[in-house]
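A structural walkthrough
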Amino acid sequence: MMESRIISYEKAVNEAITQEMTRDDRVFVYGLDVADHKRIVGTTAGLVEKFGPNRCFSTPLSEDSSLGFGIGASATGLVPINIHIRVEFLLLTLNQLVNIGNSLRYGSNGKLSAPLVIIAMIGRGWGQGFQHSKSMQSIFAHIPGLKVIMPSTPYDMKGLMISAIRDNNIVVCLLHRWLYWTEGHVPELPYTIPIGQSRVLREGKDITVVATSWINVEAHDAANVLAKKGISMEIIDPRTISPLDDQTIINSVNKTGHCIIADYDWLNCGFSAEVAARVSNQCFNQLKKPASRIGFAWTPCPTTRPLENLFYPNAVTIIRETEKMLGLSKTDLSNEKFHTYENKFKGPF
Amino acid sequence: MPNLLLNLYKKMYLIREAEAEICREYPKDEMKTPMHMSMGEEAIAVGVLTAIGDKAQVWGTYRSHAIYLARTEDVNGFFAELYGKVTGPGGGKAGSMHLANPDKGVMMTSAVVATSIPLALGAAFSSKILDDDKINVVFFGDGATDEGAFWESVNMACLWQLPVIFVCEDNGLAIHASTAIRRGYKNLTNIMRQYRFQYIQEYDGTDVEKIHNITRSSIKYLESGPVFLSLKYYRYLEHVGVNEDFNSNYRDKNEFLEWYKKDPIKIQKQKLIEAGFKKEVEDVENEVMAQIKTAVDLAKAAPYPEPEELYKGVYDGE
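For clarity, every value in this text was computed on a predicted model and none was experimentally measured.

Rules used throughout
- Residues numbered from 1 in each chain as written.
- Chains lettered and ligands numbered in written order.
- Predicted model: local features only at pLDDT ≥ 70, side-chain atom pairs only at ≥ 80, totals over all residues.
- Helix = DSSP H or I, 4+ residues; strand = E, 2+ residues; numbered from the N terminus.
- Rg over C-alpha atoms; globule rule 2.2 N^0.38 Å.
- Buried ≥ 20, exposed ≤ 12 C-beta atoms within 10 Å, placed from the backbone.
- Axes fitted to C-alpha atoms, helices over the stretch in contact; angles between N-to-C directions.
- Parallel < 35°, antiparallel > 145°, perpendicular 65-115°, else oblique.
- Left-handed = near helix turned anticlockwise from the far one by under 90°.
- Contact = placed C-beta atoms within 7 Å.
- Expected span 1.5 Å × (residues − 1).
- Pairing = 2+ DSSP bridges.
- Right-handed = clockwise from strand over helix to strand, strands pointing away.
- UniProt positions renumbered as here; feature names shortened; annotations may be inferred.
- Core = buried A, V, L, I, M, F, W, Y, C linked by C-beta atoms within 7 Å.
- Domains from an automatic or database assignment.
- Nonpolar A, V, L, I, M, F, W, Y, C, P; charged D, E, K, R; others polar.

**Comments concerning the overall build of chain A**
In terms of regular secondary structure, chain A is built from 12 helices and 14 strands. The C-alpha atoms of chain A give 20 Å as radius of gyration, which agrees with the globular expectation for 349 residues (20 Å, within 12%). Taken over the C-alpha atoms alone, chain A extends approximately 60 × 45 × 45 Å along its principal axes. Evaluated residue by residue, chain A yields a buried proportion of 53% over its 349 residues.

If you want it as structure tokens, here you go:
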């Protein structure tokens, strides 16, 4: 067992990048503001000082061409890490990702590869409104040639990030803003977690909750509340959206006979629909109820707090859906304490 | 020099005649790939790429027949790819619009305008960091100058002083729209001269020797930053397809006839004959025609990819 200590998710990102840059001098980091004083909430701290301005540099506000620059550099011998402080900015890069990057290898008959890592912050912040609030994993996972990871613990973060940097394909890493403060055991030495392996985050026997990114934290809270009623929830974190290890999910649903997919995204044509389809196809005879889905409200994300609270699903949403599926009475939640960021996070991001 | 002049002619003749063969064969519908023909621009591709030579790492567009043949002279692979055969450099998956052969210096060509420009910047950055001797050159049309990626890339290349050669193959048309109805500014050259790169404009985009020499003398500037070559030519055929379209009302055949007086192949041949190389020109032409015939025969005889090829090459490591 490797030496491990408790560090934050943010520190795990920084450590993975720093260790890989030390191991391989072809790795470099670039993007809007990666080298400014805030250093992408600390995740790029120390990189300019340690590796110099050729290996960590900020770019003009040119997301589209910056991503193309990364594809060109990755196809010719370097390993770029392109960081975006908001996933919405990746929409400006979709041409490069979906028209060029994903087909570079296919179109060159396997001669060129793009070992490019894209890191983007997703999800809820603090009154972030329509354009700083999304996740969009389904959009990227829809495209052959791209890989998509969404680690939800500091341990998974470091291991998957190192795998992403060593992977010879484009890997999109979607990291939830609130996860940056979470803490957990992380080995100090570099290690890898294979891309494309789901993880059983909590074992249970009555119901399977497939949760992505931050909603794993909410699912954990929900599981603790329901455990008091004797309900045993199994939580599966796919960790990798594409390629998806559906076998772990299928094994779990075949065991519990119940499945809720809690995706941190809109439902329509989304990852939750993909999982539901696979579960329905593979677990039809074991399912005691149809699989159900939880996700964002089918609206743009509102800014005002009371509506923002309704937009994002949380532990209570999962508890109510579980009660419905298992035919339980409504649990009195008035004395339960759930995750809150009211005292933790005052913005602006 | 005669070797060089003959070599320039040979490559241009190869491109012209390979495309003439496409024009003859295309109606049979065996080459099932949209053709964006290079006719008229041969001097630009051949002049620039011969000047750079084996160090050239080329990034292009859907109109890259000339670039592909000028850089690789791989006429067998060229026709195999157009016929969709497994012997093509892209195994038939790429076709005319995505002709590429990284082993032979043609890295990637794109059918979305301006989108290969930033890739050339990234490759130039690699060359700088890895200190290799590659020279990255990106070809695009004047239509690309309407695109955001063009302006972003020009800015980034100049900001970071990347050793990349921009080649604007300016035919004055984006599909069927002239620059006059696409630009809200007076003069691109005046704007480009504000950027920190070597900007060179040449109206004689059909004189291969001149383009060769301009390129040769501009390579030295790469030590201190990017080079931009703006070269004018006239697109002989329709935007996509193998036919003329002078009866479509967006342009006049007289324009073509004016440009055809200085057709790149014609003027280079004239120069060589006047210099006393009539025999050599004939030999080169015969050699090229035989090459093309062999290439087409080989391509037609070659197999299509097997069904399992569909899934190969999407991800590395599979």
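**A word on the packing of helix α5 (residues 117-130) of chain B against helix α6 (residues 148-159) of chain B**
Relative orientation and spacing of two packed helices are given, respectively, by the angle between their axes and the distance between those axes. All names here are of chain B. Close contact between α5 and α6 brings their axes to 9 Å; oriented N to C, the two are set at 20 degrees. Taken as axis vectors, α5 and α6 run roughly parallel relative to one another. Remark: the crossing between α5 and α6 carries left-handed chirality. Here Ile117, Pro118 and Leu121 of α5 lie close against α6, whose contacting residues are Ala149, Phe150, Ser153, Met156 and Ala157.

**Let's talk about helix α1 (residues 9-23) of chain A**
Residue and element names in this part refer to chain A. With 15 residues, α1 should reach 21 Å at 1.5 Å per residue; the first-to-last C-alpha distance of 21 Å fits that figure. Buried residues dominate α1, accounting for 11 of its 15 residues. Residues of α1 that are buried include every one of Tyr9, Glu10, Ala12, Val13, Asn14, Glu15, Ala16, Ile17, Thr18, Glu20 and Met21, and no others.

**Topic: the interface of chain B and chain A**
Many analyses report the size of an interface as the accessible area lost when the parts associate. Every contact between the two is made by 36 residues of chain B and, on the other side, 33 residues of chain A. Counting only elements with at least two residues in the side of chain B that touches chain A, the list comes to β2 (106-110), α5 and α6 of chain B.

**Digging into the pairing of strand β8 (residues 227-232) of chain B**
All names here are of chain B. Of all six residues in β8, five are buried, a share of seventy percent or more. Across six bridges, the pairing between strand β4 (residues 164-170) and β8 is parallel. The residue bridging valine 167 from the neighbouring strand is leucine 229, located in β8. Of the pairings in the sheet, the one linking strand β7 (residues 198-202) to β8 comprises five bridges and is parallel in character. In the strand pairing of β8, isoleucine 200 is matched with leucine 229. The parallel pair β7 and β8, bridged by helix α8 (residues 208-218), forms a crossover whose chirality is right-handed.

**So, the sheet that holds strand β10 (residues 207-211) of chain A**
Strand-to-strand pairing in sheets goes through backbone hydrogen bonds, with the strands running parallel or antiparallel. Residues and elements named next belong to chain A. Taken together, five strands build an open sheet; the order of strands is β9-β11-β10-β13-β14 and the sheet is mixed. The open sheet terminates on both sides in strands that have one partner only, identified here as β9 (199-202) and β14 (292-294). Here the strands of the sheet are splayed against their neighbours by 25 degrees on average, with no regard to which way each runs. In this sheet, strand β11 (residues 233-237) lies alongside β9 in antiparallel orientation, the contact comprising three bridges. Counted as the bridge partner of valine 200 is isoleucine 236 from β11.

**Quick notes on the pairing of β10(A)**
All names here are of chain A. Within β10, five of the five residues are buried, which leaves the element mostly enclosed by the surrounding structure. Here β10 shows no split at all, with Ile207, Val209 and Ala211 on one side and Thr208 and Val210 on the other all buried. Pairing between β10 and β11: four bridges, direction parallel. Bridge assignment links threonine 208 to a residue of β11, and that residue is glutamate 234. Note on the crossover from β10 through helix α8 (residues 215-227) to β11: the handedness is right-handed.

**Some points on the UniProt feature "domain: Dehydrogenase E1 component" (unreviewed entry) in chain B**
If you check UniProt for "domain: Dehydrogenase E1 component" (unreviewed entry), the listed places come out as residues 11-308 of chain B in our numbering. Across residues 11-308 of chain B, helical content stands at 43% and strand content at 13%; the span's end C-alpha atoms are separated by 36 Å.

**Quick look at the sheet that holds strand β2 (residues 27-31) of chain A**
Residues and elements named next belong to chain A. Ordered in space as β3-β2-β4-β5-β7-β6-β12, the seven strands form an open sheet in which the pairing is mixed. Edge positions in the sheet fall to β3 (56-58) and β12 (240-242), since each of these pairs with one other strand and no more. Within the sheet, the average angular offset between the axes of one strand and its neighbour, ignoring direction, is 20 degrees. Looking at chain direction, strand β4 (residues 79-84) and strand β5 (residues 117-122) are connected through four bridges and run parallel. Residue pairing across strands places asparagine 82 opposite isoleucine 118, the latter belonging to β5. Packed on one face of the sheet, helix α3 (residues 63-75) meets β2 and β4 and runs near 165 degrees to β4. Across the face of the sheet, helix α7 (residues 154-166) comes into contact with β2, β4, β5, β6 (146-149) and β7 (170-176) while running at roughly 155 degrees to β7.

**Here's the deal with the nonpolar core**
The nonpolar side chains of a soluble globular protein tend to be buried with one another. Within the largest apolar cluster, 185 residues are counted, with the highest numbers of intra-cluster contacts made by A:Cys173, A:Val209, A:Ala262, B:Val48, B:Val138, B:Val167 and B:Leu229. Composition of this core by domain shows at least three residues from each of domain 1 (4-187) and domain 2 (199-326) of chain A. With residues near it in sequence (within four places) discarded, B:Leu229 still touches B:Val48, B:Ile165, B:Phe166, B:Val167, B:Cys168, B:Ile200, B:Ile214, B:Thr215 and B:Ser218.

**A look at the domain arrangement of chain A**
Residue and element names in this part refer to chain A. Along its sequence, chain A is organised into domain 1 (4-187) and domain 2 (199-326). For domain 1 versus domain 2, the separation of C-alpha centres amounts to 26 Å. Taken together, the contact pairs 26 residues of domain 1 with 22 residues of domain 2. Secondary structure elements with two or more residues in the side of domain 1 that touches domain 2: α6 (137-141), β6, α7 and β7. Among the elements that take part in the side of domain 1 that touches domain 2, β6 stands out by supplying four residues, more than any other. Within the side of domain 1 that touches domain 2, the residues separate by chemical class into 13 nonpolar, 10 polar and three charged.

**A short note on unusual backbone geometry**
In this chain, A:Ser242 is followed by A:Pro243 through a cis amide linkage whose omega measures 0 degrees. Tracing the backbone through its elements, the reader meets A:Pro243 in the loop between β12 and α9 (246-256). Backbone geometry at B:Asp29 places phi at a positive 65 degrees, although glycine is not the residue there. Assignment of secondary structure puts B:Asp29 in the loop between α1 (2-25) and α2 (42-52). One non-glycine residue, B:Ala114, lies in the positive phi region at around 80 degrees.

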